[in-house]
Amino acid sequence: MEKDETRKEGLIVLGCPEAPAQVSLALYLAHSLRRSGYIPVVTGNPSARRLLAMADPECHYIDEMLDLDGCIEDTAAGERDYALTFVLVHRESGVSYAGTLSVVSAGRVIAVVFGKEAEALASLIDFECEKVVAQVVHNPMPLKKAIDRVMKWDV
Amino acid sequence: MGCVEALNYEILLRYCSFKEYRAFIKEHYREIYEVQPGYKIFDLTLIGVPPIPIGVEGDSVIFPYTKPCHGTFVLKVEGKEEIKKLRSRK
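Residues numbered from 1 in each chain as written. Chains lettered and ligands numbered in written order. Predicted model: local features only at pLDDT ≥ 70, side-chain atom pairs only at ≥ 80, totals over all residues. Heavy atoms only, no water.

### Considerations on helix α2 (residues 80-87) of chain B
Residue and element names in this part refer to chain B.
Logical step 1: Along α2, the residues that are buried comprise Glu82, Ile83 and Leu86. Here the buried residues of α2 occupy an arc of 100° about the axis, which is enough to place them on one side. Those residues of α2 that are exposed and aimed more than 90 degrees away from the buried face are Lys80, Glu81 and Lys84.
Logical step 2: At its buried positions, α2 is contacted by β2 (31-35), β3 (40-41), β5 (52-57) and β6 (60-67). (Buried < 20%, exposed > 50% of the residue type's maximum accessible area, 1.4 Å probe, protein only. Helix = DSSP H or I, 4+ residues; strand = E, 2+ residues; numbered from the N terminus. Arc of directions from axis to C-beta. Contact = heavy atoms within 4.5 Å.)

### Notes on the packing of aromatic side chains
All names here are of chain B.
Logical step 1: According to the stated counting rule, one finds four aromatic pairs over all chains in the structure shown.
Logical step 2: On the numbers, 5.9 Å between centres and 40° between planes, the contact of phenylalanine 42 with phenylalanine 63 is tilted. Pair noted here: phenylalanine 42 is in the loop between β3 and β4 (44-45) and phenylalanine 63 is in strand β6, with a separation of 21 residues, a long-range link.
Logical step 3: The exposure class of phenylalanine 42 is buried, given its relative accessible area of 17%.
Logical step 4: Accessibility expressed as a relative area gives 0% for phenylalanine 63, which makes it buried. (Phe/Tyr/Trp six-rings, centres within 6.5 Å; stacked < 30°, edge-to-face > 60°.)

### Describing the nonpolar core
Logical step 1: Core analysis: the largest hydrophobic core is formed by 56 residues, its most contacted members being Val95 of chain A together with Ile54, Val61 and Phe63 of chain B.
Logical step 2: In terms of residues, this core owes the most to one element, helix α4 (residues 92-104) of chain A, which gives five residues.
Logical step 3: If near-sequence neighbours (up to four positions away) are discounted, isoleucine 54 of chain B is found in contact with Ile25, Glu31, Ile32, Tyr33, Val35, Tyr39, Ile41, Leu46, Val61, Ile62, Phe63 and Leu86 of chain B.
Logical step 4: Among the nonpolar cores identified, the runner-up in size contains 29 residues, and Ala21, Leu27, Leu52 and Ile62 of chain A belong to it. (Core = buried A, V, L, I, M, F, W, Y, C linked by side-chain atoms within 4.5 Å.)

### A closer look at the interface of chain A and chain B
Logical step 1: Taken together, the contacts link 24 residues of chain A with 20 residues of chain B.
Logical step 2: Where chain A packs against chain B, one counts two salt bridges.
Logical step 3: Remark: the boundary between chain A and chain B carries seven residue pairs in polar contact (both at pLDDT 80 or more).
Logical step 4: With nine residues, α4 of chain A is the largest single contributor of residues to the side of chain A that touches chain B.
Logical step 5: Considering only residue class, the side of chain A that touches chain B consists of eleven nonpolar, seven polar and six charged. (Salt bridge = Lys/Arg side-chain N within 4 Å of Asp/Glu carboxyl O. Polar contact = N/O pair within 3.5 Å; in protein donor to acceptor, adjacent residues only side chain to side chain. Nonpolar A, V, L, I, M, F, W, Y, C, P; charged D, E, K, R; others polar.)

None of this, on its own, says anything about what the molecule does.
In structure tokens:
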């Protein structure tokens, strides 16, 4: 498939694949990005990417999947950047990835903080970064509503 | 892109948070440099909450290395060139 250079790219940074809501959340974000005119690109570790690839075998939602280390390295080097980045945070390491993207990307960066420890994790984000926070584990609807509100996808 | 397994590293802390490694490096090393996420050391791109401290002791550098599922490790690796690079930063 030929790449459309005129369309902006939106990046979804997956966290550790253990969180049950992560695949649904990533597919919903990819769908919403596409609907808003962005090319959805996903990065994560190999297991997290495989789970998503299985859920979207014909790439209806996701345009491209990138190796996590390579994606961060290319963004930090200024070789590639994204107009909008969602960093999925359900562990402390996710806060570090949000902190990194907030520095290396010139685009808008939003930390989507979810899971049992969402409030505690969100309190660690003391750097410049937008936050969407919902203490959800299995029911993704509060998180979906919070994202829709921030992105004005609910209008 | 570098690979951490190509380095001869010593693990000083494992599965720690960014607050823990900041405190550890500040407590144990007198020569400390603060860098931004995305800084390259041994061809690895550093991940973390800004600013990221890097300690220097003798010919070794002490820095955090983060992975999504395992949190952060603090590694000690010999690297005279990296020390030179850190010291020459303005």
